[in-house]
Each structure stands twice: as structure tokens, then as C-alpha cells.
Amino acid sequence: MSGHTFQNKAIRWIDERMPIFTVMQHSAIDYPTPKNLNYWWNFGSLALFVLVIMLMTGIFLAMSYTPHVDYAFTSVERIMRDVNYGWLLRYLHMNGASMFFIVVYIHIFRGLYYGSYKAPRELLWWLGIVILLVMMATAFMGYVLPWGQMSFWGATVITNLFSAIPLVGEDIVTWLWGGFSVDNPTLNRFFALHYLLPFVLVAVVFLHLWALHTTKSGNPLGIDVKGPQDTIPFHPYYTIKDLFGVGVFLLFYLFFVFYAPNFFGEPDNYIPANPLVTPPHIVPEWYFLPFYAILRAVPDKLGGVVLMFGSILILFALPWLDRSRVRSARFRPIYKQVFWLFLIDCIVLGYIGAKPPEGAFITIGRIATAYYFAHFLIVMPLLGRLEKPRPVPQSISAPVLKPAAATAQMEKV
Amino acid sequence: MADTASHAHGAPGQGETRRDFLLYATTAVGAVGTAIALWPFIHSMNPAADVLALSSTEVDLSPIAEGQSITVTWRGKPVFIRHRTAREIEEARAADASGLPDPQKDEDRVQKAEWLVLVGVCTHLGCIPLGQKTSEPKGDYNGWFCPCHGSHYDTSGRIRKGPAPANLVVPEYTFLDDNRVRIG
């Protein structure tokens, strides 16, 4: 690392012993960023912003929360009524979970559209999937903590997924519960893990950023940076753009926090957990619905669980399933349409996940599930062979700086 | 792109520019906004409404015979209520208040001479002094003795000897009638 010379003596003193300021200078200020990023590139930093909010609100909520079956529900109600600004912290945290998934899903679909998973960014993509998996585990266990009806039955259903594992399934479930049903030991360990996993998340996010800063950011054209003329320093150009994004995001987020705080929630979770009565219609939180639909699409216990986990794990193989050498969907006329079809398929799965498993919903769910996997296993590999991509520009600057010359170049390609 | 940045900062010697103003204004708004957003987090650690609701305790004094002491809980702390004997009152009043480490007259520490009400927490480092039970040491001044670091309190709960800097605190209290007192 080429040392940066700082004016301030104290900063220089520290930096010579541990180059923390040099690292910050390189990765948050000078970091050369493609100059053509659009607003879809805001969602990475936005996700980090939400993670910080979740950590902050979560740590302060934990100060007033009691992880015990007899007190959990009332301690949450106490947070809502008695703790100073407890309602605000809880609603920020509760809606923050939904915001986290909205932001991360957009971030993932950005990656799918612009081919962000392709070489040399496969590891970056993988770390992103790990983040998604850890997020899901964290969100699930957090939802159990208020110990309402949905918490309890959500915990029961999700942990029972593991009972589908042949031979050892039942033992694993007993181990997860720490007993013979979801009970106090389960709640206790879920609280411990819900507190731990966000810090694991921070560590994986750090690796994600490390990988990002090694391969550098992609861009909407999906072509490599050719030289300094294609980049601008991260600060002030993207710091201010990210900050503007944070402002717009906060308007959206705080609208729900202040005006519709229970919009994403289930009213049944305001009924204390009752191990003797299952609510008539149990659904997971909205961000799990597509996966829930896949689970229910298969009329076999093990098969459903395998497909559900497979639907996320298949993303790991995506860099090799997509054989096209062009990254951005902008230059892939067929993939561009298939992408939207896939997005619609995911929304359909989400809709089916919220509906009771009966009649036409079952059929639609099965078709949508089949298409989900076909997209990855059939469409993507085939497109790589059959699709004729449009010519990509010579460089990021070329079409802007010398329109005529660039067009001439593009025609040759 | 480096030129763009330096141009925008204004030509050399031109002084402040519109961009500088925007930078300072944005930073100021951001700093104030962050500070305001932090307040709910900090305030959530202050006593909650249900804790504040428990900030007074009523005590029935009638079972306490002369010379006896009881300990009640108020805000999670022990409060000593001693039904003082005439001799204890005399001892407390006889001391030369101005010569004490924390000068205070006994008359200023009680509402009724026979009832002494104190927060039973040593003003040194928060231990609970001994002397409530007859079997416990009462210190050199017949009041209370803190076993942690050896502070001696007299029959008015005033510090007489040892490291504690101040007298035992007299909480706010009111007599509801002759036999009932409300602390807090």
C-alpha cells in the first residue's frame, strides 16, 4: 500500500504505526469508481446504512427486553408503552427489517440485471449470498422474540423444516429446540443468536467490501474500466450521491415508521403465544413468501425443503450457469426480457406464498416454482449459447467523449 | 476530473465559494439531525414510565416501638426508619453541629424528633451500613457503622468518623397522618 502523506502530525503518527487512515483514504475517498453508475448502485451503501440502524436500535431494545416465555411478550409491550421512545426504537427495528430486505432484494436484482456476478466478481457475489442467508436467519429469530402467536408458530414451522432430514431430522429439531417443543430454551437461544448474527453480518459485509474493492465496482455498461478517464473518486462524487439516496430512503422508511408502523406485520403477533392453538392462517413475513411458496409447491416434505433451500443455493452456481460473456442486460436483447419475466415470477411466488394452499393457487405455485428453477437451469445456459448480444462500447468514456468515433468503433465490433 | 473539483472550489485567492457554503450548510444540518436522532436512543436508557410510577412508598409506623428500626425499600434502595429514644435524640442534639465533617443540625434532618428517616446507603461508595438490628455494631456514635470502609454515623445519621464525605441522605417524605408516612 503506497503510504499517503497526511498534513496532520497526530494522524501521521498513527498512520505510520497502523495505516488505518491510508486505508480509509484509499477505500472511501480516492477509491476510483466508474463514472457512469446509476441510482441502482445506491443500494449497497443503503444496505449498510440499514444494518447500522438495525444494530443501534437492536442493542437499545435488548436493554429493555426479557428473553423468557413468561415475560417476553409483556416486556415488548412495556417497551411500547413505558420505555422512553421505546415505541420509536421498536418500530424502527421492526420496519427496518422489511426495509433491509427491500434494499437487499433490489441490490440483488441490480446484480442480476447488470451481470454483477460474472468474473472476476464471483466471490463478491458468493459473499453477498452468505449475507442474505445470515440476514434471513437473523430476521427469522428476531421475529420469534416478541413471543406472539406468529412468533411461536413461525418458530415451530421453520424449525420443523429440519425434521425433513432423513434419519437424524427429529434429533436435530429436538437439539434446535432444546426440548420437545418450542419453549423457553428455544426463546433464550434465539435471543442469543439474534444478538450474535448481526455482528457476523458485519464481518461478512467487511469481506464483501474487501472483495468489491479488489475487483472494483461494476457499472451499467458491464465493461471493464479502461483507465483513469473512466473513473471518478468516491468522495465527494459518490458520497454525496449515496447521501442523497439515504435522504430519499429515509422518507420512505420513516413514512412506515410514523404512519403505518404495522403495515408489514401480522395482527396475530399481538396475541401472546399459545402452544395449544395454531392461528387459522399462518404466513411468514413478506420477505420469506416466495420461498414459502416454493416449499408448499412440492407435495413431499423433504422435496419441499430441498427446493426451498435450493432456490437460494442455486444463486451460488449462477456465475457458471450464465455462459454469456456480456455482463450488462443492456446489450443482451433476450436476457433483458427474461430478467423481467424472472422478476415477475418471484413476485407471483410471493403472492402465492401469502395465499392459502388450495385450488388454483397450488397450480400457479407449482408453475412459478418450475419456472424459477428453469430460469437458472435452462434459460440462462441456453441464452449464453443462442443469444446474439449487441455490440458493447469500447470504454465507459468513449460514447460520451467522442460520440462519432465511438459509434464507428462499435460498428466494427 | 481533478480539475473539475479544483475549479468548483474557486480560483486561487478567490476565498469562499458557493460550494463551500453548501458544504458547511450540509454538514451542519447533518450534524444537528444526527444529534437529534440520537436523543431517543439515549433517553430510552433513562427510567421508564413504570419505574417512575414506583417512586413513592407508603409506610405504616404504628408497629415500630420506641428504640426499634425498620428498613423499607424505596426506588430499590433501603430506607432506614428509626423510632428514636429520648436519649438518642438528646445525643444527636448535643453534638456541636458546626464541628462535624458535614455540618448539619439534627433539627434540620427530621420532621418529628422521634422519627428519623434516612436513605440507608453509605455516602462513601454505596454499601449499606450496619446498625438496624440490635445484634449489629452501631459504630462509635451509637448510630450506624459501614463495614465496607469503616464510616461511623451518629443517631442523626450524620457522618462522624471514616471516609464518607457526607451525612446519610434524608429522602423527601411527608406524614400522611400520625402513623403513616409517604416516602418520595
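Residues numbered from 1 in each chain as written. Chains lettered and ligands numbered in written order. Predicted model: local features only at pLDDT ≥ 70, side-chain atom pairs only at ≥ 80, totals over all residues. Heavy atoms only, no water.

## As for the sheet that holds strand β2 (residues 69–74) of chain B
Residue and element names in this part refer to chain B.
Here comes step 1: Taken in spatial order, the 3 strands make up an open sheet running β2-β3-β4, and their pairing is antiparallel. The open sheet has two free edges, formed respectively by β2 and β4 (115–119), since each of these has just one partner strand. Each neighbouring strand pair of the sheet contributes to a mean axis angle of 25°, computed without reference to strand direction.
Here comes step 2: Sheet topology note: the strand β3 (residues 77–83)/β4 ladder contains 5 bridges and is antiparallel. The partner of Phe80 across the bridge, within β4, is Leu118. (Pairing = 2+ DSSP bridges. Helix = DSSP H or I, 4+ residues; strand = E, 2+ residues; numbered from the N terminus. Axes fitted to C-alpha atoms, helices over the stretch in contact; angles between N-to-C directions.)

## Some points on the state of the cysteines
All names here are of chain B.
Here comes step 1: Summed over all chains, the structure comprises 1 disulfide over all chains.
Here comes step 2: A sulfur-sulfur separation of 2.0 Å characterises the disulfide bridge that pairs Cys127 with Cys148. Here Cys127 and Cys148 share a disulfide; its torsion about the S-S bond, -95°, makes the bridge left-handed. On the criterion of sequence distance, the pair formed by Cys127 in the loop between β4 and β5 (142–146) and Cys148 in the loop between β5 and β6 (151–154) is long-range, its members being 21 residues apart. (Disulfide = S-S within 2.5 Å.)

## Focus on the domain arrangement of chain B
Here comes step 1: Here chain B is described as being made up of domain 1 (2–43) and domain 2 (51–183).
Here comes step 2: Between the C-alpha centres of domain 1 of chain B and domain 2 of chain B the distance comes to 58 Å. (Domains from an automatic or database assignment.)

## Things to note about the confidence of the model for chain B
Residue and element names in this part refer to chain B.
Here comes step 1: Of the residues in chain B, 92% have a pLDDT of 70 or more, and the chain-wide mean is 88.
Here comes step 2: Note on residues 1–11: pLDDT is under 50 here. Beyond four places in sequence and across chains, it has 14 contacts.
Here comes step 3: Both scores are given for the predicted complex: the pTM is 0.88, the ipTM 0.86. (pLDDT = per-residue confidence, 0-100. Contact = heavy atoms within 4.5 Å.)

## Here's the deal with the domain arrangement of chain A
Residues and elements named next belong to chain A.
Here comes step 1: According to the domain assignment, chain A contains domain 1 (34–225 + 232–282) and domain 2 (295–413).
Here comes step 2: With centres defined by C-alpha atoms, the gap from domain 1 to domain 2 works out at 24 Å.
Here comes step 3: Residue-level contacts link 37 residues of domain 1 with 39 residues of domain 2.
Here comes step 4: Carbon and sulfur atoms make up 70% of the area that domain 1 and domain 2 hide from each other, which totals about 3,200 Å².
Here comes step 5: Contact with domain 2 buries area across many residues of domain 1, yet Tyr113, Lys118 and Leu221 alone supply 22% of it, more than any other trio.
Here comes step 6: One can count 2 salt bridges joining domain 1 with domain 2.
Here comes step 7: Across the salt bridge formed by Asp322 and Lys118, the nearest N and O atoms sit 3.1 Å from each other.
Here comes step 8: Remark: the boundary between domain 1 and domain 2 carries 15 residue pairs in polar contact (both at pLDDT 80 or more).
Here comes step 9: For the side of domain 1 that touches domain 2, the secondary structure elements donating two or more residues are α5 (86–114) and α6 (122–144).
Here comes step 10: In terms of residue count, α6 provides more of the side of domain 1 that touches domain 2 than any other element does, 8 residues in total.
Here comes step 11: Tallied by class, the residues present in the side of domain 1 that touches domain 2 amount to 24 nonpolar, 8 polar and 5 charged. (Buried area = accessible area lost by both parts, 1.4 Å probe. Salt bridge = Lys/Arg side-chain N within 4 Å of Asp/Glu carboxyl O. Polar contact = N/O pair within 3.5 Å; in protein donor to acceptor, adjacent residues only side chain to side chain. Nonpolar A, V, L, I, M, F, W, Y, C, P; charged D, E, K, R; others polar.)

## Concerning the environment of Pro40 of chain B
Here comes step 1: By the element assignment, Pro40 of chain B lies in helix α2 (residues 18–43).
Here comes step 2: The exposure class assigned to Pro40 of chain B is buried, which follows from its relative accessible area of 9%.
Here comes step 3: In this structure, Pro40 of chain B is in contact with Asn84, Tyr85 and Leu88 of chain A, ignoring residues within four places of it in sequence. (Buried < 20%, exposed > 50% of the residue type's maximum accessible area, 1.4 Å probe, protein only.)

## Some points on the packing of aromatic side chains
To describe a pair of aromatic rings, you give the distance between the ring centres and the angle between the ring planes.
Here comes step 1: Throughout the structure, instances matching the rule amount to 48 aromatic pairs over all chains.
Here comes step 2: With centroids separated by 6.3 Å and ring planes inclined at 85°, the aromatic side chains of Phe49 of chain A and Phe249 of chain A adopt a geometry described as edge-to-face. Placement of the pair is Phe49 of chain A in helix α3 (residues 43–62) and Phe249 of chain A in helix α10 (residues 234–259), with a sequence separation of 200 residues.
Here comes step 3: Looking at Phe49 of chain A, the relative accessible area reads 25%, which means it is partly exposed.
Here comes step 4: Ring centres of Tyr117 of chain A and Trp125 of chain A lie 5.3 Å apart, and the angle between their planes is 55°; on these two criteria the pair is classed as tilted.
Here comes step 5: In this structure Trp125 of chain A comes out as buried when scored by relative accessible area, which is 9%.
Here comes step 6: Over the ring of Trp144 of chain B we find Arg82 of chain B, and its NZ or CZ is 4.3 Å from the ring centre.
Here comes step 7: Lying across the ring of Phe175 of chain B, Lys112 of chain B places its NZ or CZ 4.3 Å from the centre. (Phe/Tyr/Trp six-rings, centres within 6.5 Å; stacked < 30°, edge-to-face > 60°. Lys NZ or Arg CZ within 6 Å of the ring centre and 35° of its normal.)

## What about a nonpolar patch on the surface?
Here comes step 1: Together, Tyr85, Trp87, Phe255, Phe258 and Tyr259 of chain A together with Leu38, Trp39 and Ile42 of chain B give the surface a local cluster of nonpolar side chains, amounting to about 830 Å² of exposed area.
Here comes step 2: If you list the elements that add at least two residues to the nonpolar patch, you get α10 of chain A together with α2 of chain B.
Here comes step 3: With respect to the helices and strands, Phe255 of chain A occurs in helix α10. (Patch = residues over 30% accessible without salt bridge, like charges linked within 9 Å, V, L, I, M, F, W, Y side chains within 5 Å. Areas by Shrake-Rupley, 256 points an atom, 1.4 Å probe, with all protein chains shown as cover.)

## Things to note about helix α7 (residues 149–160) of chain A
Residues and elements named next belong to chain A.
Here comes step 1: An ideal rise of 1.5 Å per residue puts 16 Å on 12 residues; α7 measures up with 16 Å between its terminal C-alpha atoms.
Here comes step 2: For α7, the set of buried residues is Gln149, Met150, Ser151, Phe152, Trp153, Ala155, Thr156 and Thr159.
Here comes step 3: If you follow the buried residues of α7, they end up packed against α6, α8 (169–177) and α9 (184–215). (Expected span 1.5 Å × (residues − 1).)

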